[in-house]
Amino acid sequence: MWRPFASDHGDPIEHATGLEKRELLAKMGGNDDPFDMKVIKRSAGTRSCPNEIPSAFDERIVGCICDSEANSISWMWLHKGEPKRCECGYWFNLVHKAPV
Ligand SMILES: [Zn+2]
C-alpha cells in the first residue's frame, strides 16, 4: 500500500513550517487532491460528534482551519480509532473510505 511518508523518518510536515510546508504539500502528488485536502465543512466537532475525515488509510494528516479569519492551519496526524482534538477544541475522527 502506498503511504505518504516512510514512518521511520518521522513526519516531515510536522517539522516544516510556512513556505517550506506549502512546498512539501505541493510536491506530494500529481493529482490535484492527493490527500483529500479539500475543505471539509466542520460539523459540531465535539467529542461525541467529531468531524468525520474520510481516508483509505489507517492514518492521514488533516489540517484544521482553527480560525476562519486567520490564515494558519493546524496540521495533525489522525489515526483510525483514535479521535483527536485540535488545539482549538474541534474533534476529528478518521472514517474508512474505499480507495479510489
Ligand atoms: Zn483547530
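Please refer to the structure higher up on the page.
Fair warning: this is a prediction, and the values are worked out from it, not measured in the lab.

Asks: Could you give an account of the overall build of the protein, naming the residues involved and the relevant values?
Replies: For the protein, the count of helices and strands is two helices and five strands. In the protein, the succession of helices and strands from N to C terminus is α-α-β-β-β-β-β. Looking at the protein as a whole, 27% of its 100 residues qualify as buried. Approximately 7000 Å² of the protein is accessible, and the part contributed by carbon and sulfur atoms is 51%.

Asks: Just give me the short version of the nonpolar core, but keep the residues and values in it.
Replies: In this structure, Ile-53, Val-62, Cys-64, Met-76, Leu-78, Cys-86, Phe-92 and Leu-94 together form the largest nonpolar core, which totals eight residues. Every element with two or more residues in this core is listed here: β2 (59-64), β3 (74-79) and β5 (91-96).

Asks: How would you explain the environment of Phe-92 if you had to name every residue and give the values?
Replies: Mapped onto the elements, Phe-92 comes out in strand β5. In this structure the C-alpha to C-alpha distance between Phe-92 and Cys-64, which are 28 residues apart in sequence, comes to 9.2 Å. In contact with Phe-92, not counting residues within four places along its chain, are Pro-50, Asn-51, Ile-53, Cys-64, Met-76, Leu-78, Pro-83, Lys-84 and Cys-86.

Asks: Quick one: what's the story with the pairing of β3, residue by residue and with numbers?
Replies: Taken across its six residues, β3 has five buried, putting it largely inside the fold. One ladder, built from six bridges, connects β2 with β3; its direction is antiparallel. Within β3, the position partnered with Val-62 by the bridge is Met-76.

Asks: Give me the lowdown on the coordination of the zinc ion, citing residues and values where you can.
Replies: Distances from the zinc ion to its protein donors, namely Cys-64 (SG), Cys-66 (SG), Cys-86 (SG) and Cys-88 (SG), fall within the range 2.3 Å. For the zinc ion, the four donor atoms are set out with angles of 101 to 116° between them, so the coordination reads as tetrahedral. In terms of primary sequence, the donors binding the zinc ion are separated according to C-x1-C-x19-C-x1-C. One end of the pair, Cys-64, is in strand β2; the other, Cys-86, is in the loop between β4 (84-85) and β5, and 22 residues separate them in sequence. Comparing Cys-64 with Cys-86 shows no difference in burial state: the two are buried.

Conventions and cut-offs
- Residues numbered from 1 in each chain as written.
- Predicted model: local features only at pLDDT ≥ 70, side-chain atom pairs only at ≥ 80, totals over all residues.
- Heavy atoms only, no water.
- Helix = DSSP H or I, 4+ residues; strand = E, 2+ residues; numbered from the N terminus.
- Buried < 20%, exposed > 50% of the residue type's maximum accessible area, 1.4 Å probe, protein only.
- Areas by Shrake-Rupley, 256 points an atom, 1.4 Å probe, with all protein chains shown as cover.
- Core = buried A, V, L, I, M, F, W, Y, C linked by side-chain atoms within 4.5 Å.
- Contact = heavy atoms within 4.5 Å.
- Pairing = 2+ DSSP bridges.
- Donors = N, O, S within 2.8 Å, 3.2 Å for Na, K, Ca; no water.
- Tetrahedral: all angles 85-135°; square planar, octahedral: opposite > 155°, others 65-115°.

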